[in-house]
Structure formats: C-alpha cells, structure tokens
Amino acid sequence: MRVTGLQFKNYRNLSDGGLTPSENINVIYGNNAQGKTNIIEALWLFCGGHSFRGSKENEFIKFGEKFARIKAEFFSQEREQNAEILYTGGKKEVVINGVKKHSSSSLIGKYTAVVFSPENLTLVKRGPSARRRFIDSAICREKFQNAVTISKYNQTLNQRNALLKDIFRHPELRDMLEIWDETICRLGAQIIFRRLLYIDKLSEYAGDYHLGISDNKEKLRLVYSSTCSAKSGDSEEEIYIKLKEALKKSIDEDCRAGFTNIGPQREDFDIFINDKKAKVFASQGQQRSAVLSLKLAEAKLLSDLTGENPIILLDDVLSELDKKRQDFLLNKIAEYQVFITCCDFEENSLLQEGKKFYIEEGKIN
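Bear in mind that the values here come from a model prediction, so they are computed numbers and not experimental data.

1. Quick notes on the overall build of the protein
Across its full length, the protein holds ten helices and 15 strands. The C-alpha atoms of the protein give a radius of gyration of 22 Å, which matches the 21 Å a tight globule of 365 residues would have. Dimensions of the protein, computed from C-alpha atoms along their principal axes, come out at roughly 65 × 55 × 35 Å. Of all 365 residues assigned to the protein, the portion counted as buried reaches 51%.

2. Let's talk about unusual backbone geometry
Trans peptide bonds make up most of the peptide bonds, and negative phi angles are found at most residues other than glycine. Despite not being glycine, E78 has its phi angle at roughly 65 degrees, a positive value. For E78, the position within the fold is in the loop between β4 (68–76) and β5 (79–88). Look at E78 and you get exposed, because its relative accessible area is 73%. Non-glycine residue S229 carries a positive phi angle of around 65 degrees. Among the secondary structure elements, S229 is positioned in the loop between β9 (220–225) and α5 (236–249). A relative accessible area of 55% places S229 in the exposed class.

3. Examining the side chain of D234
Here D234 is to be found in the loop between β9 and α5. Judged by its relative accessible area of 7%, D234 falls in the buried class. For D234, the side chain forms a polar contact with the main-chain nitrogen of K231, separated by 2.9 Å. Within the structure, the side chain of D234 is placed 2.9 Å from the side chain of K242, a separation counted as a polar contact. Apart from the residues lying within four places of it in its own chain, the contact partners of D234 are F193, S229, I239 and K242.

4. A closer look at the pattern of salt bridges
Overall, the coordinates contain 31 salt bridges when judged by the stated rule. Of the charged contacts in the structure, one is a salt bridge between R221 and D275, with a shortest N-O distance of 3.1 Å. One end of the pair, R221, is in strand β9; the other, D275, is in the loop between β10 (268–273) and β11 (276–277), with 54 residues separating them in the sequence. Within this structure, E182, R186, E237 and K244 form a network of salt bridges that share partners.

5. Considerations on the packing of aromatic side chains
Tallied over the entire structure, the rule returns seven aromatic pairs. A ring pair is formed by Y11 and F60, whose centres lie 5.7 Å apart and whose planes are at 35 degrees; its orientation type is tilted. Here the residue Y11 occupies a position in the loop between β1 (2–9) and β2 (17–19), and F60 occupies one in the loop between α1 (36–45) and β4, the gap between them amounting to 49 residues. Put simply, the rings of Y11, F60 and Y87 pair up and form one aromatic cluster.

6. Some details on the state of the cysteines
Tallied over the entire structure, the rule returns zero disulfides. C140 carries a free sulfur, and the closest cysteine sulfur to it, the one in C47, is 12 Å from it. According to the relative accessible area criterion, C140 is buried, its value standing at 16%. With no disulfide of its own, C342 has C343 as its nearest cysteine by sulfur position, at a separation of 7.2 Å.

7. Observations concerning the sheet that holds β1
Overall, antiparallel pairing links the six strands, which are arranged β2-β1-β4-β5-β6-β7 in an open sheet. In the strand order of this sheet, the two ends are held by β2 and β7 (99–101), each with one partner. On average, each strand axis in the sheet is tilted by 20 degrees relative to the strand beside it, whichever way the strands run. The strands touched by α1 within the sheet are β1, β2, β4 and β5, with β1 carrying the most contacts at an inclination of about 115 degrees.

Analysis parameters
Residues numbered from 1 in each chain as written. Predicted model: local features only at pLDDT ≥ 70, side-chain atom pairs only at ≥ 80, totals over all residues. Heavy atoms only, no water. Helix = DSSP H or I, 4+ residues; strand = E, 2+ residues; numbered from the N terminus. Rg over C-alpha atoms; globule rule 2.2 N^0.38 Å. Buried < 20%, exposed > 50% of the residue type's maximum accessible area, 1.4 Å probe, protein only. Polar contact = N/O pair within 3.5 Å; in protein donor to acceptor, adjacent residues only side chain to side chain. Contact = heavy atoms within 4.5 Å. Salt bridge = Lys/Arg side-chain N within 4 Å of Asp/Glu carboxyl O. Phe/Tyr/Trp six-rings, centres within 6.5 Å; stacked < 30°, edge-to-face > 60°. Disulfide = S-S within 2.5 Å. Pairing = 2+ DSSP bridges. Axes fitted to C-alpha atoms, helices over the stretch in contact; angles between N-to-C directions.

Listed below in structure tokens is the structure:
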C-alpha cells in the first residue's frame, strides 16, 4: 500500500494543511519540538490502534480548539481509498470510504504500517509488558478478530480481578470465579495460540535479518515464555486445557494476591543471540541490531499476510544508530514507502534521494 495524501486540522501543534508524499522516501526534517513526530503519529493512527507514544486521544486536539481531524488518502487492495478520524474530546468518529464506522479498528487490513521509534530500541531490556504490547499490536494489525479477542479477554480479566479483590474480604464469593474462568481460558487460549504462531514466523524472519546485520556472526531466535507451559506446535485446544489446569492450580495464590497470575497478561518472550539471553548478555549495539531485525521481520510478515508492503515510519531512529546499522536499515526498506523524521538529512546519501518536507513551529514547507 502507499499513502497518497495526508491532511490535518487542529491536530497537535500542526498548522492546518497537509502533505502529498512520494511513493518512496519522504524526509520530514527540522529542529526538535517542531511537530515532526506529530506527522508520524497521524500516519500511524490509521492502523486502527492507539498512539505509539501512549498519548490519550484528547491530547490530539490543539490547545483552545474543540476538535481535531486527520484524513488520509491511500492506495490499498488495488484501489484508491480514504479514511477520516474526528476527535472531539472523549468521542471519536471514523469514516472509511464515505461510510461511518464504529471505530478505527475497521481499518485493520486496509491500512498497514510499521513504526520504528527510539523507544523500540530499548525493547530488549525493558520489562515484559513492553514486549507483550509489541506482539499484541502486531497480531492486531494482522487480523481484526485478534483485536476483538484481546479486548474481550481484557474485559473479562478485569471482572475476574475485581471479584478476586472482593474475595479477600468475602471468602464466600470464591465459587463465583467459575463464571469467569471458562471465558478466560477460551479467550486466553486463542491469544496465546496466535502469539505462538506469530513468534515462530517472526523468529525465522528476524533471524535471517540478524545474520545480515551481524555479517553472519550472530544467530537470533525468539522463545515464548508461557505461564501455562504452552509451547510452539500446541493446538488451541491443547493450550485451553493447559491454561484451565494452570488457572485451577493458581486459585489460592490469585485469591491472596487479588489478581490473576496465569494467562496472556503475565507472559513474555525471550530474545536469544547465539543462545544467550539478549537482555542479560547483549551489548547496546547488539540489542539495537536485534530490535531492527524484529521490526524488519514485522514488516515482512505484514507483507506476507496482506500481499502489500506496509508503510514504514521511522521517528528519529537514525540518530540513535551508527552508520552501519543506518545503511542496513535503509537498504532493507528501499522497496517500501518510507516516512523518516530527522534534524539533518545531508549526512546520509540515501536520504538525499527522498522528497523533503521542512517543518518549523508546526508549519510544513
């Protein structure tokens, strides 16, 4: 797919207007705090999820205004399409190809993107929640139903956890856990099954990329760590049985803790380089190479699934990488439509070939 136009009104600090990008490299440059990341964020929001910066929706609205609107024209699924998202405080309206939708998740499968940000480069060392967000974001963009399943699971989990907190004061409520446990296990098994399938393929592709970036010196692999001993190759039904048994064994601990200790919300995956855990033994350079390999593999998987290349969003990542890693990344994404933010593009010859957008105080020139 490719974006053919982006417009915005009252969005963040950006002056009302837009841009018409190149099909290849687009360089958004200027000093810090001028609005470069806001453009990348706007492009990302059409993926159907939340801001990759963790921002709340009311933060999208320019100070003093009552609404913000972003609109994208893009070519996908062999036709021209468009989407518009209107933010009005606590409310969001989404229109896709002139049809009003319930949420921007309706864009999943139509509009695909992969974002690289400085925060991603710390993925190896950060806690399990960051890696769970990474994998869940990826599988949600693969298939709308995965997003629905995760949403339903989280709702059920919150209800079970609320009951566990009540059980601490009212032990007679313990038998009511069965009301939620069947749903927890069914939905949880679906999530873990999808994660395992995704991790298997991601490990294969990321391993290939990592061999390239390390000059065939380092082998990278991913291993999923499950609270119910689920493993690669398990069927969804087998995972359900394991999850149900593990949840049953954990009831006493759950009641004492006041929350659910078993399930997707407590799981993680490990990154190994040459059979050593990267978060323990890898240097900063090795960690960054591993993350680049993961993100490139994420883009390749989306291409495989949809039959189209996602757009690539690089938010101030190049400044965090040495020249070798910069060149490797830029060469591997040459076949994609790319949006790159930076302060200065003149140091990299590949960036000089792209279409330039200078931004100052929110205004694009």
